[in-house]
Amino acid sequence: MASPLITGGIEAGGTKFLCGVADEDGAILDQVRIPTTTPAETLSAASDFFTRAAERHGPIAALGIGSFGPLSLRPTASDHGRITSTPKPDWSGADLLGHFRRTLGVPMVLDTDVNAAAVGELLFGGGRGLDTFCYVTVGTGIGVGLLINGAPHNGANHPEAGHIRVVHAPGDVEFPGTCPYHGDCLEGMACGPAMRARWGAPAEELSDAHPAWPMAAHYVAELCATLTYTLRPDRIIVGGGVMRPHMYGLVREALMRKLSGYDASLRDLDPTDYIAKPTAGSSAGLTGALALAYRLVSGRWPMHWAVGALDSSKTESLIS
């Protein structure tokens, strides 16, 4: 009798690694939340989890990793599989693929955290049935995942649309931005730390009527306009801690002003459908990582996975 297909996934974030294993139907068998400390400590704890999970549930067929970056994803690159020039202390040069190949020895695939979350939306959220869409997260940083022809896109390396140059919002001429590499790029002007630096308080403490929000919406709409004109996606799904509920209307209004009626194919664009909230749930990144692993060994996306199968209530073990 054939062994059950068990996949492993990691949503590797700057504050935590969410690791899980799932069965062939996408049901979570085991899950752990590991604080992101040093590479040695965090990666060792993750590989120990998968070793124990394999002992409990059977061999893991493949591992999918959706990680913060920047990452080196070109297979021929000398640093393939590593985090590159990240501002996260101690993590520049961390060898993600090398570590897990040494400790687990299973087939594995690495992609960005936003591409993994986009796969989660493809399966369970606003990306279902779409050919091309973008997944944007606006939080501690700003990242963009891109699915084209129903699969994550990486060219020479993954996109870094969070670092495009943007037009300063009215009244925001003097703020230099917080990006340590570019200053006033998109991320430097509109991520959570940028909002705190500009307004002296974290975004979650600002009222909905605060002038911070139309300004932030201007910058997110700058990104959405650029994505619209360069990629023409079917939808742009925008999430992250900065995207409070009232921000969606502000971004949609700002985007339509920026498009200015240009291009007949965009004039009838429904902004409420085009700029959408994520709907795949808080574990979309882990879902996507597990799906990447499934696709690696099966050659197809697990479209048969049931919505909610990967809900954390189905875990047998959750370590905080």
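Here the structure is a predicted model, which means the values were calculated and not measured.

Participant: I tried to follow helix α7 (residues 247-259) on my own but got confused; where do I start?
Facilitator: The α-helix winds at 3.6 residues per turn, so residues separated by three or four positions along the chain end up facing the same way. Compared with the 18 Å implied by 1.5 Å per residue over 13 residues, the 18 Å span of α7 between its first and last C-alpha is a close match. Looking at α7, one finds that the buried residues are Met 247, Tyr 248, Val 251, Arg 252, Ala 254, Leu 255 and Leu 259. At its buried positions, α7 is contacted by α6 (212-231), β9 (235-239), α9 (271-274) and β10 (275-276). The positive-phi residue at the C-terminal boundary of α7 is Ser 260, with phi of around 55 degrees.

Participant: I tried to follow helix α10 (residues 284-298) on my own but got confused; where do I start?
Facilitator: When the terminal C-alpha atoms of α10 are compared, their 20 Å separation across 15 residues agrees well with the 21 Å that a helix rising 1.5 Å per residue should span. In terms of burial, α10 is a largely internal element, eleven of the 15 residues being buried. Taken together, the buried positions of α10 are occupied by Ala 284, Gly 285, Leu 286, Thr 287, Gly 288, Ala 289, Leu 290, Ala 291, Leu 292, Ala 293 and Tyr 294.

Participant: Can you walk me through the sheet that holds β9 in this structure?
Facilitator: Here we have five strands laid out as an open sheet, ordered β8-β7-β6-β9-β10, and mixed in their pairing. At either end of the open sheet lies a strand with only one pairing partner, and these are β8 (151-152) and β10. Strand direction decides the pairing type here: strand β6 (residues 133-138) and strand β7 (residues 142-148), joined by six bridges, are antiparallel. If you follow Phe 133 over to β7, its bridge partner there is Leu 147. Its contacts with the sheet put α6 on β6, β7, β9 and β10, and the angle it makes with β6 is roughly 160 degrees.

Participant: Please explain the sheet that holds strand β1 (residues 7-12) as it appears in this structure.
Facilitator: Sheets are built from strands paired through backbone hydrogen bonds, the pairs being either parallel or antiparallel. What the five strands build is an open sheet, ordered β3-β2-β1-β4-β5; its pairing is mixed. Two strands lie at the open edges of the sheet, namely β3 (28-35) and β5 (108-112), each paired on one side alone. When strand polarity is set aside, the average angle formed by the axes of neighbouring strands in this sheet is 15 degrees. Packed on one face of the sheet, helix α2 (residues 96-103) meets β1, β4 (62-67) and β5 and runs near 155 degrees to β5.

Participant: I would appreciate a short explanation of the pairing of β5 in the present structure.
Facilitator: Regular strands show a simple pattern: their side chains alternate between the two faces of the sheet. The buried count for β5 comes to four of five residues, which makes it a mostly enclosed element. Here five bridges tie β4 to β5, and the two strands are oriented parallel to one another. Directly across from Gly 66, in β5, lies its bridge partner Asp 111. For the crossover that starts at β4, traverses α2 and ends in the parallel β5, the hand is right-handed.

Participant: How should I be thinking about the packing of α6 against α7 in this particular structure?
Facilitator: To describe two helices that pack against each other, one gives the angle between their axes and the distance between the axes. At a minimum axis distance of 8 Å, the contact between α6 and α7 shows a crossing angle of 55 degrees. Accordingly, the angle class assigned to the pair α6 and α7 is oblique. In this structure, α6 meets α7 at a crossing whose hand is right-handed. Contact residues: Trp 213, Pro 214, Ala 216, Ala 217, His 218, Val 220, Ala 221, Glu 222, Cys 224, Ala 225, Thr 228 and Tyr 229 in α6; Met 247, Leu 250, Val 251, Ala 254, Leu 255, Lys 258 and Leu 259 in α7. Per-class residue counts for the contact of α6 with α7 are 15 nonpolar, two polar and two charged.

Participant: Hey, could you run me through the packing of helix α3 (residues 113-124) against α10 in this one?
Facilitator: Where α3 meets α10, the closest approach of the two axes is 7 Å, and the angle between their N-to-C directions is 85 degrees. By the angle class used here, α3 and α10 are roughly perpendicular. On α10, the residues touching Ala 116, Ala 117, Val 119, Gly 120, Leu 123 and Phe 124 of α3 are Ala 284, Gly 285, Thr 287, Gly 288, Ala 289, Ala 291 and Leu 292. Its residues assigned to classes, the contact of α3 with α10 shows nine nonpolar, four polar and no charged.

Participant: Honestly, the pattern of salt bridges in this entry has me stumped. Any pointers?
Facilitator: Once their charged atoms are close, side chains differing in charge can pair, the charge on each being opposite to the other. Applying the stated criterion across every chain, the model contains eight salt bridges. For Arg 82, the salt bridge goes to Asp 95, with nearest N and O atoms at 3.6 Å. You can see Arg 82 sitting in the loop between β4 and α2 and its partner Asp 95 sitting in the loop between β4 and α2, a full 13 residues away along the chain. We classify Arg 82 as partly exposed; its relative accessible area is 31%.

Conventions adopted
Residues numbered from 1 in each chain as written. Predicted model: local features only at pLDDT ≥ 70, side-chain atom pairs only at ≥ 80, totals over all residues. Heavy atoms only, no water. Helix = DSSP H or I, 4+ residues; strand = E, 2+ residues; numbered from the N terminus. Expected span 1.5 Å × (residues − 1). Buried < 20%, exposed > 50% of the residue type's maximum accessible area, 1.4 Å probe, protein only. Contact = heavy atoms within 4.5 Å. Pairing = 2+ DSSP bridges. Axes fitted to C-alpha atoms, helices over the stretch in contact; angles between N-to-C directions. Right-handed = clockwise from strand over helix to strand, strands pointing away. Parallel < 35°, antiparallel > 145°, perpendicular 65-115°, else oblique. Left-handed = near helix turned anticlockwise from the far one by under 90°. Nonpolar A, V, L, I, M, F, W, Y, C, P; charged D, E, K, R; others polar. Salt bridge = Lys/Arg side-chain N within 4 Å of Asp/Glu carboxyl O.

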